[in-house]
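# Commentary on secondary and tertiary structure
Here are the chains, one letter per residue:
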Amino acid sequence: MRILHTADWHLGHRLYDRDRTPEHRAALAWLLDTIEEEQIDVLIVAGDVFDVTNPSNQARELYYEFLGQLAQTRCLAAVIVGGNHDSPAMLDAPREVLRSLNLHVVGAARTQVQEQVIKIAHPGGDGPGLIIAAVPYLRERDIRKAKFGETSAERLTGLQEGISGHYRAVAEAAIAQRQNPETPIIATGHLFAGGASDHPEKNSYIYQADEHNIEGGQFPEVFDYVALGHIHRAQRVGGQEHIRYCGSLVPLTFVEGQQVRSVRIVDIGKAGEPTSSRPLNVPYFRTLLRLNAELDEVKQALRTAAVAHQAQSTLPPSDTSSTVLPRSGSPSDAPGRSAAESGGLPPSSTTLPRSGSPSDAPGRSAAESGVPCSTALPSISGRSAAESGVSPLPRRGSGVEVLPPWAEVRIKTDEHLPNLRQTLFDVLAEVTEASSSGPPVELLRISQERLTPAPASAPENKKQLDELDPEEVFTGIVTNEGYTPERATELLADFRNLQNWMNDSAE
Ligand SMILES: [Mn+2]
């Protein structure tokens with residue numbers, strides 16, 4: 001059977017308070033096309049369907065529209081589990097209705113762990129089928145009782161034991177319900193597995209509890225594949241091929257925007273046989289430009305991106321079918337890449353983060369090695385909606401326009417640059433075609449930083465308010481108070497607990 005593993009959609013997400021719905025809409029339409037084209041039997045969404053516990057109506061509509069259309073595809077079933085950003089109550093509310101469509105939702109751990117075991121019959125009934133041990137994000141209240149007066153280290157150990165205990169229990173329940181010993185078992189999870197890593201510049205709001213929840217080796221051996229969410233960079237865990245994060249569906253920060261996003265396609269046969277899986281890159285419907293360089297370089301990068309975007313978006317609609325481009329980008333796909341994608345990215349002299357983490361082992365896919373999107377960007381195919389048969393989520397080629405790039409600009413300079421915003425707008429105005437309806441690149445934020453280290457007498461480079469997250473503010477306060485490192489670590493752990501508690505009780 002063939003499974004598509006995706007996670008971390010974050011529907012309703014905003015970037016510098018800009019709505020991401022158009023990108024999500026395009027990505028979900030692509031996902032439906034992919035399910036048909038790749039002949040997917042089962043879809044797994046490993047948590048963080050929504051970005052916030054009380055998402056906008058637009059985000060909810062998008063979700064239900066997707067599920068409605070999914071039910072009309074060849075896909076036999078879907079398993080959707082809650083993440084730390086999701087409201088379990090909200091996800092679970094329609095679960096009985098969705099179950100009648102073979103869409104299985106587990107928003108939070110159930111009191112009866114057997115209810116997290118989902119059996120999926122083989123297509124045509126002639127095979128072992130599949131069992132999914134659906135484990136959502138586990139909240140403390142789901143797995144243990146807090147004890148009065150325990151230290152944060154004791155609490156963490158208790159949490160880790162609770163999590164691995166839950167996996168053991170759900171594995172036993174799956175085995176107990178398995179009638180055919182050849183039926184493979186897949187587990188899901190939304191947690192931080194030891195050995196996993198993300199880009200060091202990650203925006204830590206994504207991870208409300210950053211402690212290592214479980215080690216790769218602690219997952220019961222009976223699982224033939226473990227489909228994880230929570231970490232947004234695709235990777236395997238602890239060197240084990242069958243324990244994987246598939247990565248987020250769209251980039252959630254400008255840093256994530258420099259790396260290819262992917263879903264994972266998993267082919268599974270009989271229990272105990274090795275599974276084979278491969279990443280499939282998600283096309284970018286909007287380029288996120290992260291320009292951290294001196295003014296002239298930034299101006300040039302903006303000009304290039306603007307020209308490229310206009311060249312792409314002014315193609316007459318009838319031309320789109322002649323520009324069918326490869327859907328899963330790899331450097332070898334270069335001939336099919338569009339102008340905006342090959343030319344619309346900053347020159348390599350601007351800061352394009354490359355992942356230099358120890359997990360950068362050879363043989364890993366482009367998505368996992370963090371290749372900047374300028375060399376591995378997938379493209380938007382021009383297939384017509386008629387071919388896919390399903391509508392009305394706008395399918396590629398049926399009116400999904402390429403969205404104007406968004407830029408996050410940080411100018412390196414030692415001078416004071418007056419009217420910086422206007423200077424950059426003027427650069428864009430120079431190259432904006434009269435026919436275009438809006439700016440060819442949208443500047444979401446503009447800031448400056450020192451080119452050379454500041455002299456001791458100079459005021460330090462201060463971050464602006466919208467660059468900070470609550471944890472950074474708290475860490476700053478703790479540092480200023482001059483606590484010992486041990487005390488500071490404890491305070492930070494307590495702060496995270498408090499944040500989790502607030503998020504949990506906000507439902
Ligand atoms: Mn997430």
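Refer to the preceding data block for the structure.
Residues numbered from 1 in each chain as written. Predicted model: local features only at pLDDT ≥ 70, side-chain atom pairs only at ≥ 80, totals over all residues.

### Topic: the overall build of the chain
Tallying secondary structure elements over the chain gives 14 helices and 19 strands in all. Within the chain, counting contacts between residues at least 6 apart in sequence, those at least 24 apart form 75% of the total. (Helix = DSSP H or I, 4+ residues; strand = E, 2+ residues; numbered from the N terminus. Contact = placed C-beta atoms within 7 Å.)

### Re helix α13 (residues 470–481)
End to end, α13 covers 17 Å across 12 residues, agreeing with the expected 16 Å (1.5 Å per residue, within 8%). Looking one or two residues beyond α13, the residue adopting positive phi is G482, at roughly 75 degrees. (Expected span 1.5 Å × (residues − 1).)

### Section: the packing of helix α7 (residues 295–313) against helix α12 (residues 420–431)
Axis angle and axis distance: for two packed helices, these are the angle between their axes and the distance between the axes, and together they describe the pair. Axis separation between α7 and α12 bottoms out at 9 Å; the angle between their running directions is 35 degrees. For the pair α7 and α12, the sense of crossing is right-handed. In this structure, α7 uses K299, L302, R303, A306 and V307 to contact α12, whose residues at the interface are L424, V427, L428 and V431. In terms of residue class, the contact of α7 with α12 is made up of seven nonpolar, no polar and two charged. (Axes fitted to C-alpha atoms, helices over the stretch in contact; angles between N-to-C directions. Left-handed = near helix turned anticlockwise from the far one by under 90°. Nonpolar A, V, L, I, M, F, W, Y, C, P; charged D, E, K, R; others polar.)

### What to know about the environment of L43
Structurally, L43 is set in strand β4 (residues 42–46). It is 8.8 Å that separates the C-alpha atoms of L43 and R2, two residues lying 41 residues apart in sequence. Residue contacts for L43: discarding those within four places in its chain leaves L4, I35, L70, C75 and A78.

### Considering the sheet that holds strand β18 (residues 403–412)
The parallel open sheet is built from three strands, whose spatial order is β17-β18-β19. With one partner strand each, in any of the chains shown, β17 (286–293) and β19 (442–449) form the two edges of the open sheet. The average angle at which neighbouring strand axes cross in this sheet is 10 degrees, direction not considered. In the sheet, β17 pairs with β18 via seven bridges, with the strands oriented parallel. In the strand pairing of β18, N292 is matched with R410. On the sheet, α12 packs against β18 and β19 and is oriented at approximately 135 degrees with respect to β19. (Pairing = 2+ DSSP bridges.)

### So, the packing of helix α1 (residues 21–37) against helix α2 (residues 57–70)
It is the contact of α1 with α2, at a shortest axis distance of 11 Å, that shows an interaxial angle of 10 degrees. Classified by the angle their axes make, α1 and α2 are roughly parallel. Counted together, T21, H24, R25, L28 and L32 of α1 and Q58, L62, F66, Q69 and L70 of α2 form the full contact between these two elements. Split by residue class, the contact of α1 with α2 holds five nonpolar, four polar and one charged. (Parallel < 35°, antiparallel > 145°, perpendicular 65-115°, else oblique.)

### A closer look at unusual backbone geometry
For H10, which is not a glycine, the phi torsion comes out positive at approximately 55 degrees. Among the secondary structure elements, H10 is positioned in the loop between β1 (2–6) and β2 (14–15). A positive phi angle, close to 65 degrees, is found at D17, a residue other than glycine. Tracing the chain through its elements places D17 in the loop between β2 and β3 (18–19).

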